[in-house]
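# Architecture and fold: a report
If you want the building blocks of each chain, they are given just below.
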Amino acid sequence: MTALVRPGVDVSQLCKDGDKLLAVGELGGATSLYMSAFRTHAASTVTHLRKLNSGLSGVISTLEAWLDSCGENQPAEGLNKGLAAVFLSTLCPNNLSATIFKMESLLQSGGHGCEEIFARCTALLEGKRHPHPQGVTHMVLEVTRALACLISEPHSIIGLKLYLKAYRTNKSETATLVNSRQAQHLPKIVKAFKDQLLLIRPSLVFDSECTLTTKEAERLDVETSATIIGFLLAISPGSAEVQELHAADLFLSGRFWDSAQAYSALLHGGYCQKASASLTDKSFEDTPQKTARLLTCRAAARLSAGGRTAEACGDLGEAFEIHAATAQIHFQKLFTDHGTGLAARKQLRQQAEQGLSAYRERVLIRPDLRSTEGLELLDPVITQLQTLCYLEPDGGGRELRVRLAECLLLRGEHKEALSICSQLAAAQGQQSYQNTVQVLRGYARLLSDDAKGASEDFQAVIVHNPPHPSSCVRALCGRGLLRMMAGLNYLTALDFVTASMLQAQETALTVRCLVPWNYRGLLFTVLLEQGRVMLEGTRGHKSKTASSEDSEKKKDKDTSRTPAGVQSLAALLMELQPGADGSQILAADALYQLGRVEEAYRLLLSIGPTSPRAPILARLALLQLNRGFLYDTNQLKKLIQCGNTSCLRPLLAVAQQKDRALLERHCHAAAQRNLEGSPGEGDVREAVAYLSIAIIASGGVAAESLLERARCYARLGQRKTAIFDFSAILKEHPKHVQALCGRGFTYLMLNQEKECTCDILAALQINIDMVTKDILSLKDKAQKLVCDWLHQFCRTNLSDILLANTVSCHEEQLSNAFVIGKALMGTDCRDPRWHLLHVDTLIAKGEVKAASAHLFRVFGQEPRDVVAQARVGVVEAWQQNYSSAARRLSKLTEKDSILLFLLALIPINQRKRIAQAAAQEASSVSSGGQWEHALTFLNVAVQAAGNHRLQYLRQRAACLAQLGLHERAIADLDRVVQKHDAPDRSCPDDCQVWAEDLCRRGRSMVLCSRERAALEDFSRALELHRTQAMRCVEAGLGRVRVAQCFLEGALQHYAEQQRNEAWTMIEFGLVVDNENTELRRLRAKLKRKAASPCNVN
């Protein structure tokens, strides 16, 4: 219960309220009310309390408890312990709790009266005035006396002894009392003990700034150091300074393992977990100097303990890395002064070597070539080497600095490595490790983008005599990398072949460590490709400096380009990428070329089943054949099932000729077995695969295999692919009849007439009988189509020849026609077209008698076929029987193009005679009214006349008009009119003829309802020759009909407001029929319109 002092309440009331609470057992509340009353009026309150029969002892006990407590049990708000102490002393003079509280208050307020407090505590402890205090009170008096002595005499050891005496009596209670009651003076107590401890053991001095001023006579015994450490740990467990003293004491006591653990706790802050934050020493901050000191001390403890050498060396390295000066001072104190400095340096060197070896081992087992795994292993190595450089008397010898530069370069710190290497290379009079320095500087320059400097360093190492193998290998790898970056891939491969033949393991390590990770994949690919180039004996890609590359090739021709060199390169690639099958295949090929077939076979069998199998199966099959297992085609079948035969090309590029020939024969025979009988689609496809292997094995020149595969492709419907194979044969063998026929027939299936005809014709020119036999082997539909295409081609070709040349033609010009004709007659001698083609060819050559004999032999003396009769007519024309020839040719229709072709078979002068004869026959039959019969003759005349056919065109137009075929008549007259030149007025006959032609065409146009065009013809005719035009009009449509046409034309122009054109039509109409009333009336109307003032145009 909390009692508050309220204004206006008197002392008696407070005491009465306290009595009530005291009566019910509320000692705390009652005591608080009594204290409030005491503060208001002390005498009245004391008097009241002394009158109490019971309860006073309880109030006294409560006050004592308040004074002895440390925070838990406190007076009520507004009351403090000082008031409680005065109140208690008033109630109970010489009360021990009140006395102790007053002494502690004096000590906390500045230490006034320390001698009196010391004497008072001594008296109380000796029991001069009171009984001996017991328990906690005794311990409180002990620590209070010790503090008073320490404050009054800070350089005396009496106070320290008193603290230690109390600590030995009751350790836990002493530590608790010091922490709770003397927290304000705790730093002073700790410092006093620390100074005394450093005086007892000077080797514990860990700070160079510490000074010892205590006199020699005031030193404690050495045996008390352990007690002092225990006491300090008890009163200040969170002090880093105390913890470090403890760790140092453990080290000096020979408890090295415990000391190392203590230093570890200091470094990791573990001591802070044992004490609250309020007790932690804030002034002892973590600084680089402190961390370096602690690491050095822990290293000494670990080395002394034994078995923790690696950790100790790591601590030393880290210490020197953090603050080298501090670490060096403490190394001198902890190692050198104790004679263990040399051993420590030796351990550091051993650890560095072990770390570097571990890094190399990790590098060699990296699963991925591009990985940088394991670089972190170099960090402690670099740190240890740098530490050794600090510790060595001369700052580290040349060998040590070379090793440091190498590790820095491996770690990627190329700038630091370059600096060290440049200093080492510039050192005068020191030539040891010169090759190593130069090659390391070369790589550092390369990584610094100084390609020229790097190349100079690498070249200097390579040409140095005597060579240093390891450095030479590294230099070769570096130069190869530079060449790859410059695009000189072949020279790159030469360098790495040489390096791998010198030291394969060192080469692999150099690639994994010194070649930048982003170049390793490209380097692997380049070496693999160039290894294949070397093995195949080809040059590969052209380099930018061909001359230098050629010279380099000549130098290395005896070693690098041999299969042995390639095998060494392949072994290197297998080391770099163990899981890559490309390098293993390259190695197998190199072994094969070296004659080590069994090794190659075992290597291929050892490749895991997860790899792509096609290249491996191909090589296993070839090696099986090489070993004589001709009966076993298991590997070949597996290869075919993979469906990837392209892998054979690089294999066969390195295979021996006898093995290639053996593979070709074996696969061709296997394909033939598959195609026997009636093979299914699967058999054909398998045969294609075998044939493909045979073709590849032959280098693509096996004509028989190509022919069989093309036929198989055609069977499978892959016609374009078949054409490629046929073409491949013809490229090497242009006169291969079977290939020509096969490609031609394939074009036939693709319905490509031109290509098919060309191939069949080329084959026919080589061997007619074989091609004829092949054509007959086709199905009827295909056979018919081929013959039709050949026939059409021959007809077109013959027509072109006759168009460009006159008969008789040379035999060379007609060779294709003779060949095709013979072949066609050989395929089907019953087809009249083939015989007619042969006859036409003979006539074109001029062999009319032979043509006549063949014609009559096949068709008889009087052929019933019209086209055959037309050929007889051609023969008769050659025999100058023109009338009979015209009659036979007239039986062909006008639309039949064969008429023009047959007329081309007749010489030009004889064609004119035929035209005349045909015209005469037409006149003869037309006089009897047989206009249709006359038309056929006129068709022959027009076709045969050539450029002199105007009269025949007029004659045929007249015949067509008689038959009512006016459109055709107009077409003929169009051709006639177009042949007229500009009218010559001085030549009335020309104008008369032209006017007559125009009137005839106008008549036909009127009859075809083309009046407007007809009026134009009539108008032009009247202009040219009016008299002849009027005769033609009267003989044709008549004046009235023509005048009516002009009237209709005039009215149409008038309706369209074209008065000038209407006037012209009226004038021509009145010329034709002057009596036409309508025309006159229309003319008068136009005159009136023209004279009217309101004429609006």
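Residues numbered from 1 in each chain as written. Predicted model: local features only at pLDDT ≥ 70, side-chain atom pairs only at ≥ 80, totals over all residues. Heavy atoms only, no water.

Before going further, it helps to spend a moment on the overall build of the protein chain. In terms of regular secondary structure, the protein chain is built from 58 helices and zero strands. The contacts of the protein chain with a sequence gap of at least 6 include a subset with a gap of at least 24, amounting to 62%. Roughly 52,100 Å² of accessible area belongs to the protein chain as shown, and the carbon and sulfur atoms make up 50% of that amount. (Helix = DSSP H or I, 4+ residues; strand = E, 2+ residues; numbered from the N terminus. Contact = heavy atoms within 4.5 Å. Areas by Shrake-Rupley, 256 points an atom, 1.4 Å probe, with all protein chains shown as cover.)

The subject of this paragraph is the packing of helix α33 (residues 634–642) against helix α36 (residues 681–697). In the contact formed by α33 and α36, the axes pass within 10 Å of each other and the chain directions differ by 110°. Taken together, the axes of α33 and α36 are roughly perpendicular relative to one another. On the side of α33, the interface is formed by L636, K637, L639 and I640, while α36 contributes E686, A689, Y690 and I693. Taken together, the residues of the contact of α33 with α36 sort by class into six nonpolar, no polar and two charged. (Axes fitted to C-alpha atoms, helices over the stretch in contact; angles between N-to-C directions. Parallel < 35°, antiparallel > 145°, perpendicular 65-115°, else oblique. Nonpolar A, V, L, I, M, F, W, Y, C, P; charged D, E, K, R; others polar.)

What follows concerns the nonpolar core. Grouped together as the largest cluster of nonpolar side chains are 246 residues, with contacts concentrated most on L639, L663, L889, L902 and I914. The greatest single-element share of this core, amounting to eleven residues, is contributed by α36. Contact partners of I914, with chain neighbours within four places excluded, come to A877, Y882, A885, A886, L889, I906, V940 and A944. Formed by 36 residues, the second largest nonpolar core is a distinct cluster that contains A995, M1030, Y1054 and I1066. (Core = buried A, V, L, I, M, F, W, Y, C linked by side-chain atoms within 4.5 Å. Buried < 20%, exposed > 50% of the residue type's maximum accessible area, 1.4 Å probe, protein only.)

In this model, the protein chain carries a mean pLDDT of 79, and residues with pLDDT of at least 70 account for 84%. Below pLDDT 50 for its whole length, residues 272–284 participates in 19 contacts with residues either more than four positions away or in separate chains. Within the model, the stretch residues 538–549 combines pLDDT values under 50 with 15 contacts to residues more than four positions away or in other chains. (pLDDT = per-residue confidence, 0-100.)

Turning our eyes to something else, we now look at the pattern of salt bridges. Taken as a whole and judged by the stated rule, the model has 38 salt bridges. A salt bridge links R474 to E406; the shortest N-O distance between them is 2.8 Å. Of this pair, R474 sits in helix α24 (residues 469–485) while E406 sits in helix α20 (residues 398–411); the two residues are 68 residues apart in sequence, bridging distant segments of the chain. Linked through salt bridges whose partners overlap, the residues forming this network are E353, R360, R403, E406, R474 and E506. (Salt bridge = Lys/Arg side-chain N within 4 Å of Asp/Glu carboxyl O.)

A word on the state of the cysteines. A complete count under the given rule lists zero disulfides for this structure. C477 takes part in no disulfide bond, and the closest cysteine sulfur to it belongs to C472, at a distance of 9.7 Å. Residue classification places C477 among the buried residues on the basis of a relative accessible area of 0%. Unpaired in this structure, C741 has its nearest cysteine sulfur neighbour in C756, at a distance of 9.7 Å. You can call C741 buried: its relative accessible area is 1%. (Disulfide = S-S within 2.5 Å.)

Next up on the list: the environment of Q384. In this structure, Q384 sits in helix α19 (residues 378–391). For Q384, a relative accessible area of 5% translates into the label buried. The spatial distance from the C-alpha of Q384 to the C-alpha of D315 is 9.4 Å, given a sequence separation of 69 residues. Apart from residues lying up to four places away in sequence, Q384 is in contact with C313, G314, L348, Q351 and A352.

Turning to unusual backbone geometry, a few remarks are in order. The backbone of D449 shows a phi angle near 65°, a positive value even though the residue is not glycine. Counting through the fold element by element, D449 comes out in the loop between α22 (434–447) and α23 (451–463). At Q1057, a residue that is not glycine, the phi angle is positive and equals roughly 65°. With respect to the helices and strands, Q1057 occurs in the loop between α56 (1039–1055) and α57 (1059–1072). Overall, the relative accessible area of 57% leaves Q1057 in the exposed class.

Here the focus is the environment of T176. Relative to the helices and strands, T176 is located in helix α10 (residues 171–181). Given the relative accessible area of 45%, T176 is considered partly exposed. Put simply, T176 and A234 are 58 residues apart on the chain and 8.5 Å apart in space, counted from C-alpha to C-alpha.

What follows covers the packing of α24 against helix α26 (residues 504–513). When two helices pack together, their arrangement is captured by the angle between the axes and the distance separating the axes. In contact at an axis separation of 9 Å, α24 and α26 are set at 45° when each is read in the N-to-C sense. The angle between the axes of α24 and α26 places the two elements in the oblique class. Crossing handedness for the pair α24 and α26: right-handed. Residues S470, V473, R474 and C477 of α24 form the contact with α26, whose participating residues are E506, T507 and T510. Residue composition of the contact of α24 with α26, grouped by class: two nonpolar, three polar and two charged. (Left-handed = near helix turned anticlockwise from the far one by under 90°.)

What follows concerns the environment of T45. Residue placement: T45 occurs in helix α3 (residues 42–50). Its relative accessible area of 0% is what places T45 among the buried residues. Between the C-alpha atom of T45 and that of C15, which follows or precedes it by 30 residues, the distance is 7.1 Å. Leave out the neighbours within four places in its chain, and T45 touches V11, C15, Y34, A37, F38 and F87.

A separate point is helix α52 (residues 966–979). Here α52 is 14 residues long and its end C-alpha atoms lie 20 Å apart, about the 20 Å a rise of 1.5 Å per residue gives. Restricting attention to buried positions, one finds in α52 the residues H966, A969, I970, D972, L973, V976 and V977. With its buried residues spanning 165° around the axis, α52 presents them on a single face. The exposed set on the far side of α52, more than 90 degrees from its buried face, consists of Q978 and K979. (Expected span 1.5 Å × (residues − 1). Arc of directions from axis to C-beta.)

The terminal C-alpha atoms of α24, which comprises 17 residues, lie 24 Å apart, in line with the 24 Å expected from a rise of 1.5 Å per residue. With 14 of 17 residues buried, α24 is to be regarded as a mostly interior element. Phi turns positive one or two residues past the end of α24, at G487, with a value near 90°.

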